[in-house]
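Examining the three-dimensional arrangement
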Amino acid sequence: MTDTEKIAEEGASRAVGELTFREALAELESIVAVLESNTLELEDSLTAYERGVALLGSLQKRLAGAEQQVEVLMGELVAAPSDEERDTTLS
């Protein structure tokens, strides 16, 4: 068993939600490498692919959440204009 296969096997023993972002990304990268090496049997390839899809979905959700957080934080940095700065005249 190669190092890449060992990493994928070790990570697969934990639920996707229990992995840190970095761990999930590393496992996904190792799964891609193993699948690209074309060394797995069909059944093992399907299992690895299924795990990869779960990891990818989790990573995408985490990135979207982080992006939302950044947008909220950036919005807090932009101060609302004061009454003097805001045009309050009726047009």
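The sections below set out a description of the structure shown in this document. The shown structure was predicted, so the numbers you read here are calculated from the model rather than taken from an experiment.

Things to note about a nonpolar patch on the surface
On the surface, Val-70, Met-74, Leu-77 and Val-78 cluster together to form a nonpolar patch covering roughly 430 Å² of accessible area. Its place among the elements puts Leu-77 in helix α3 (residues 42-77). In this structure Leu-77 comes out as exposed when scored by relative accessible area, which is 65%.

Side note on unusual backbone geometry
With phi around 60 degrees, Asn-38 is a residue other than glycine that occupies positive phi space. Assignment of secondary structure puts Asn-38 in the loop between α2 (21-37) and α3.

Re the side chain of Arg-51
The residue Arg-51 is located in helix α3 in this model. Look at Arg-51 and you get buried, because its relative accessible area is 15%. In this structure the side chain of Arg-51 is engaged in a polar contact, spanning 2.7 Å, whose partner is the side chain of Glu-27.

Observations regarding the nonpolar core
Residues Val-16, Leu-19, Ala-24, Leu-28, Ile-31, Ala-48, Leu-55 and Leu-59 constitute the largest nonpolar core, which totals 8 residues. Among the secondary structure elements, those contributing two or more residues to this core are α2 and α3. When neighbours within four sequence positions are excluded, Val-16 is seen to be in contact with Arg-51, Ala-54, Leu-55, Ser-58 and Arg-62.

Considerations on the pattern of salt bridges
Counted by the stated rule, this structure contains 2 salt bridges. Glu-23 serves as the salt-bridge partner of Arg-14, at 3.2 Å between the closest nitrogen and oxygen. Looking at Glu-23, the relative accessible area reads 33%, which means it is partly exposed.

Rules of the game
- Residues numbered from 1 in each chain as written.
- Predicted model: local features only at pLDDT ≥ 70, side-chain atom pairs only at ≥ 80, totals over all residues.
- Heavy atoms only, no water.
- Patch = residues over 30% accessible without salt bridge, like charges linked within 9 Å, V, L, I, M, F, W, Y side chains within 5 Å.
- Areas by Shrake-Rupley, 256 points an atom, 1.4 Å probe, with all protein chains shown as cover.
- Salt bridge = Lys/Arg side-chain N within 4 Å of Asp/Glu carboxyl O.
- Helix = DSSP H or I, 4+ residues; strand = E, 2+ residues; numbered from the N terminus.
- Buried < 20%, exposed > 50% of the residue type's maximum accessible area, 1.4 Å probe, protein only.
- Polar contact = N/O pair within 3.5 Å; in protein donor to acceptor, adjacent residues only side chain to side chain.
- Core = buried A, V, L, I, M, F, W, Y, C linked by side-chain atoms within 4.5 Å.
- Contact = heavy atoms within 4.5 Å.

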